[in-house]
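A look at the structure
One-letter residues, chain by chain:
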Amino acid sequence: MTTLYVIIKYFTIVGTFTKAFFEHLSCRIYEVLIEDGRYLAPTEMCGHVEHEFIKKRGVCFGICFFPFMFNLILGLVFTSVGALNVLHLGEFFTASGKINILNYVFLWLGISFLTNLFPQMEDALTLKELIYNKETNLFVKIIAAPIFAILYCGAKLERYGLTLITSILFAFVLPSIYGLFLPLAVL
């Protein structure tokens, strides 16, 4: 399973690198020591940085959430441009008859960013232990539940390489989603 994981990470190398960079940056901001800063190691750490064990709830949440948010924003922007042009408008070729490679690059970049959204499984489990313990009040548990569920399920999917499939499916559905909210602009 690690081989498939590494192949997907190298196929989506731009998203892998930016996710690891944002994770590294978050560790620096929260002053968490980094044990291994290699972004593209051919192991299950590909696209992540290995850092020390986190004991504070806010720090763990920040290291899991902020890289997710940055890659999500980049992924939505690039996938929107690529998916609308290629999948909805059908701009496969330029006016001169050449393949419109820029639209495909935007689509690949968007899928690459969306494939590499989620934290490492160990970080998601640490976040679970820190949020859902006896010391945390009920209000924090309720507020954190939807965000934690997304991060945890995504980390589980990413572990098996399924986020590539979900990102491609999302790219196909995205023009329809825009059509619901912006019917005149998209249609």
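See above for the structure.
Here the structure is a predicted model, which means the values were calculated and not measured.

1. Regarding the packing of helix α3 (residues 57-88) against helix α4 (residues 101-115)
Between α3 and α4, the least distance of the axes is 7 Å, while the angle of their chain directions is 145°. As for the relative orientation of α3 and α4, their crossing is left-handed in sense. Contacts from Asn71, Leu72, Leu74, Gly75, Leu76, Phe78, Thr79, Val81, Gly82, Ala83, Asn85 and Val86 of α3 reach α4 at Asn103, Tyr104, Phe106, Leu107, Leu109, Gly110, Ile111, Phe113 and Leu114.

2. Regarding a nonpolar patch on the surface
Nonpolar side chains collect at one region of the surface, where Leu157, Tyr160, Leu162, Ile165 and Leu169 lie side by side and expose about 430 Å² of accessible area between them. Looking at where Leu157 falls in the secondary structure, it is placed in helix α6 (residues 138-159).

3. Section: the nonpolar core
Ranked by size, the top nonpolar core spans 21 residues in total, and within it Val32, Ile54, Cys60, Ile63, Phe68 and Leu127 carry the most contacts. Going through the elements one at a time, α2 (13-29), α3, α5 (121-131) and α6 are the ones with two or more residues in this core. Apart from the residues lying within four places of it in its own chain, the contact partners of Leu127 are Arg57, Cys60, Phe61, Cys64, Phe148 and Leu151. Counting residues in hydrophobic clusters, the runner-up holds six residues, among them Ala83, Leu107, Leu164 and Ala171.

4. What about the packing of aromatic side chains?
Per the counting criterion, the structure on display carries ten aromatic pairs. Ring centres of Phe78 and Phe113 lie 5.7 Å apart, and the angle between their planes is 35°; on these two criteria the pair is classed as tilted. Highlighted residues: Phe78 in helix α3 and Phe113 in helix α4, separated in sequence by 35 residues. Phe78 gets classed as partly exposed once you look at its relative accessible area, which sits at 21%. Judged by relative accessible area, which is 5%, Phe113 ranks as buried. Feature note: the residues Phe61, Phe65, Phe66, Phe68 and Phe118 constitute an aromatic cluster, connected by ring pairs. For Lys128, the ring lying beneath its charged end belongs to Tyr152, and the centroid distance is 5.9 Å.

Definitions and limits used
- Residues numbered from 1 in each chain as written.
- Predicted model: local features only at pLDDT ≥ 70, side-chain atom pairs only at ≥ 80, totals over all residues.
- Heavy atoms only, no water.
- Axes fitted to C-alpha atoms, helices over the stretch in contact; angles between N-to-C directions.
- Helix = DSSP H or I, 4+ residues; strand = E, 2+ residues; numbered from the N terminus.
- Left-handed = near helix turned anticlockwise from the far one by under 90°.
- Contact = heavy atoms within 4.5 Å.
- Patch = residues over 30% accessible without salt bridge, like charges linked within 9 Å, V, L, I, M, F, W, Y side chains within 5 Å.
- Areas by Shrake-Rupley, 256 points an atom, 1.4 Å probe, with all protein chains shown as cover.
- Salt bridge = Lys/Arg side-chain N within 4 Å of Asp/Glu carboxyl O.
- Core = buried A, V, L, I, M, F, W, Y, C linked by side-chain atoms within 4.5 Å.
- Buried < 20%, exposed > 50% of the residue type's maximum accessible area, 1.4 Å probe, protein only.
- Phe/Tyr/Trp six-rings, centres within 6.5 Å; stacked < 30°, edge-to-face > 60°.
- Lys NZ or Arg CZ within 6 Å of the ring centre and 35° of its normal.

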